[in-house]
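The residues making up each chain are set out below.
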Amino acid sequence: MKYLRPLFAFVFFFSLEVRVKAHESSLTFGEAAPVSQIPEDCLLNQEYPCSFLTADHARFSYFLSGKAKIVSLEETSLSIITEDQIKLMSGALFIDAHRELLIKTNYGFAKIPKGQAWVYADRDRFYFEAVNRRIKVYGRGFERPFILDPGQVVWLGPVDQTFQADSALPTPIDLSDFTKRMAKINDLSKEEFALYIQDFARNWKITSQKTVAIHKNLLQRQIASDQDLSKKRKRQRALQMREDRRLRKLFYQRNFLDH
Amino acid sequence: MSTQFYVTYILCITAGMTYFYSVIKDHYSGKHTLQAQVEFLQSKYDKEKLKNYILSSDFEEYRQMVAENIESPLLKQKKSPEKGYPLRTLASLSVRFPPMVVGPSPASELMREGKELFSYGDYEQAKNSFEKVVKLHDGSVHSIEAHFLLAESFFQMEDYEACIDFVNKMVIHFPEHELTGFGLMRLAAIFEIRERGEEAAKIYRTILKNYESNDLKLEARSYLSRVET
């Protein structure tokens, strides 16, 4: 027992040393460096336009000339075009803007005023989520933007036969997925984060109720217009039948036929 | 006290030896070189991946821009969208290119050239064309004919050895083809020229036995009767 203690201490410190070394080797740029940059080292030199690819399963954050903080958690490719314009090509991005920022995608763009937002690509669509401020999302070919209240999400898809980007009405954010994502990127303590989520959920509830009301209203209008159309068709059919009967009667009378 | 000192001493020696062993092992195993290579390839791969993302994104953006701006000319043409055609795609609006005209294959061209020269009696030049077909387009449909005409060209130029070579090749590669039968007729003729009548007669009999072409049989029979008399 007497000799085991120094032996244990020796092994412990030896292994601790190794672990610290391995951890240090991945720390080269904030939490994780981007795996590739074009032009080389453009992020460090703040040389824009700058395109880069971030590593998968690693948190990457970058301060854009004091105007915004961008964070990614998965493999994300994006281009910083100017200090206030970013183009997302793939992956997911959290934006915490201190001034107005423009996020471009292939199917439209979003204007993010001072506030937080998520923009992410999933298959053929780009999703825009407003977190704590209203954001405006402009789809390709749209004359008016979608105005998203905090807690709402809207997606844009490729331009379709209407010559506009495919899209749907804004819906409430998936709260559980949002909480998981935010838990990975925030620097708050447990208690602070719980308060943050509670606060968000309160707003989210109000937004959800508003969204439901809008959807309900739209649905009712759609049902009413469908009913109106069906009545109109019935009336037309009845008129047509009456006219047919009248003509048939006339035909029989003129040709002295019995019917 | 002495035992504790002894244990510490042994531990230090063991740790030192382990460290020394790992350093030596790493140095001679080429691990660092391989690691550097892997890192280099990985960074190259990431760079290519990013380039690919940029290109795909630019291309997609261009496509979307075209799709968005196609609207005005189409609306001028038709003010209201057609009923029953809700799924009009970009493909239906794109320009149709005329169908691609497939020209003759290089082997056909060489054969045509060779046959023309052969018919003018320019066997030397014709031979070059047929040789190109045999060498460069061995899998083409003209291969058998090229072999036969090449053997025939050599026969006309009285280069009998080369002619025999090509007839042999035909027997190996296309034993049942009618043209091989005609090639064998040339082989028999060479034997006749060299006054080896018996061997020529054997070849004629083989042709009569193995080939079904009437023209070939008729010719072989007449030559055989001539050799036998």
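An account of the accompanying structure is given in this report. All figures in this text were calculated on a predicted structure; none of them were measured in a lab.

Rules of the game
- Residues numbered from 1 in each chain as written.
- Chains lettered and ligands numbered in written order.
- Predicted model: local features only at pLDDT ≥ 70, side-chain atom pairs only at ≥ 80, totals over all residues.
- Heavy atoms only, no water.
- Contact = heavy atoms within 4.5 Å.
- Buried area = accessible area lost by both parts, 1.4 Å probe.
- Salt bridge = Lys/Arg side-chain N within 4 Å of Asp/Glu carboxyl O.
- Polar contact = N/O pair within 3.5 Å; in protein donor to acceptor, adjacent residues only side chain to side chain.
- Helix = DSSP H or I, 4+ residues; strand = E, 2+ residues; numbered from the N terminus.
- Nonpolar A, V, L, I, M, F, W, Y, C, P; charged D, E, K, R; others polar.
- Buried < 20%, exposed > 50% of the residue type's maximum accessible area, 1.4 Å probe, protein only.
- Pairing = 2+ DSSP bridges.
- Lys, Arg positive; Asp, Glu negative; His and termini not counted.
- Axes fitted to C-alpha atoms, helices over the stretch in contact; angles between N-to-C directions.
- Core = buried A, V, L, I, M, F, W, Y, C linked by side-chain atoms within 4.5 Å.
- Phe/Tyr/Trp six-rings, centres within 6.5 Å; stacked < 30°, edge-to-face > 60°.
- Lys NZ or Arg CZ within 6 Å of the ring centre and 35° of its normal.

With respect to the interface of chain A and chain B
Then comes step 1: Taken together, the contacts link 24 residues of chain A with 24 residues of chain B.
Then comes step 2: Between chain A and chain B the total buried area reaches about 2400 Å² when both faces are included, carbon and sulfur atoms providing 63% of it.
Then comes step 3: The interface formed by chain A and chain B contains six salt bridges.
Then comes step 4: Measuring nitrogen to oxygen at the nearest pair gives 3.7 Å for the salt bridge that ties Lys-87 of chain A to Asp-58 of chain B.
Then comes step 5: Along the contact surface separating chain A from chain B lie nine residue pairs in polar contact (both at pLDDT 80 or more).
Then comes step 6: When residues of the side of chain A that touches chain B are traced back to their parent elements, those giving at least two are α1 (4-25), β1 (36-38), β2 (50-53), β6 (85-90) and β14 (152-159) of chain A.
Then comes step 7: Class assignment of the residues belonging to the side of chain A that touches chain B gives a composition of twelve nonpolar, eight polar and four charged.

Here's the deal with the pairing of strand β11 (residues 125-130) of chain A
All names here are of chain A.
Then comes step 1: Counting buried positions over the six residues of β11 gives five, a clear majority of the element.
Then comes step 2: Pairing geometry for strand β10 (residues 115-122) and β11, over six bridges, is antiparallel. Following the sheet pairing, Ala-117 is matched in β11 by Ala-130.
Then comes step 3: Taking the residues that link successive antiparallel strands as the turn, the β10-β11 hairpin has two residues, and the phi of Arg-123 there is positive, at about 50°.
Then comes step 4: Across four bridges, β11 lies against β14 in antiparallel orientation. When the sheet's bridge partners are listed, Phe-126 is paired in β14 with Leu-156.

Looking at the side chain of Asp-46 of chain B
Then comes step 1: One can find Asp-46 of chain B in helix α2 (residues 31-69).
Then comes step 2: Within the buried core, Asp-46 of chain B has no salt-bridge partner, and the shortest N-O distance to an opposite charge, that of Lys-49 of chain B, equals 5.3 Å.

Some details on the sheet that holds strand β9 (residues 108-112) of chain A
Residue and element names in this part refer to chain A.
Then comes step 1: Read across the sheet, eight strands follow the order β1-β2-β5-β6-β8-β9-β12-β13 without closing on themselves; strand pairing throughout is mixed. Two strands close off the open sheet at either side, each with one partner strand: β1 and β13 (146-148). Ignoring strand direction, the axes of neighbouring strands in this sheet form an average angle of 20°.
Then comes step 2: Taken together, the five bridges between strand β8 (residues 101-105) and β9 define a ladder with antiparallel strand orientation. The residue bridging Lys-104 from the neighbouring strand is Phe-109, located in β9.

Considering the nonpolar core
All names here are of chain B.
Then comes step 1: Core analysis: the biggest nonpolar cluster contains 40 residues, and Phe-130, Cys-163, Leu-184, Leu-187, Ile-203, Tyr-204 and Ile-207 have the highest contact counts within it.
Then comes step 2: Of all the secondary-structure elements, those providing two or more residues to this core are α5 (106-119), α6 (123-136), α7 (143-156), α8 (160-173), α9 (178-193), α10 (197-210) and α11 (214-228).
Then comes step 3: Excluding residues within four positions of it along the chain, Leu-187 makes contact with Ile-164, Val-167 and Ile-203.

Description of the pattern of salt bridges
Residues and elements named next belong to chain B.
Then comes step 1: One pass over the full model with this rule turns up 27 salt bridges over all chains.
Then comes step 2: Arg-112 is paired through a salt bridge with Glu-109; the nearest N and O atoms lie 3.4 Å apart. Of the two residues, Arg-112 and Glu-109 are both situated in helix α5; the distance of three residues between them amounts to about one turn of the helix.
Then comes step 3: A relative accessible area of 44% places Arg-112 in the partly exposed class.
Then comes step 4: Take Glu-109: its relative accessible area is 34%, and that puts it in the partly exposed class.
Then comes step 5: Among the salt bridges present, the one from Glu-161 reaches Arg-194, with a minimum N-O distance of 2.9 Å. You can see Glu-161 sitting in helix α8 and its partner Arg-194 sitting in the loop between α9 and α10, a full 33 residues away along the chain.

A few points about the packing of aromatic side chains
Then comes step 1: Overall, the coordinates contain 15 aromatic pairs over all chains when judged by the stated rule.
Then comes step 2: Where Tyr-120 of chain A meets Tyr-127 of chain A, the ring centres are 5.2 Å apart and the plane angle is 10°; that geometry is what we call stacked.
Then comes step 3: The interplanar angle of 75° and the centroid separation of 5.1 Å between the aromatic rings of Phe-118 of chain B and Tyr-123 of chain B together place this pair among those described as edge-to-face.
Then comes step 4: One residue, Arg-125 of chain A, lies across the ring of Trp-155 of chain A, its end atom 3.6 Å from the ring centre.
Then comes step 5: Between Arg-181 of chain A and the ring centre of Trp-118 of chain A, over which it is positioned, the NZ or CZ distance is 4.8 Å.

Examining the environment of Glu-83 of chain A
All names here are of chain A.
Then comes step 1: Tracing the backbone through its elements, the reader meets Glu-83 in the loop between β5 (77-82) and β6.
Then comes step 2: Assessed through its relative accessible area of 34%, Glu-83 is described here as partly exposed.
Then comes step 3: When the C-alpha positions of Glu-83 and Leu-101 are compared, they lie 8.4 Å apart, and in sequence the two are 18 residues distant.
Then comes step 4: Here Ser-65 takes part through its side chain, which lies 3.3 Å from a polar atom of the side chain of Glu-83.

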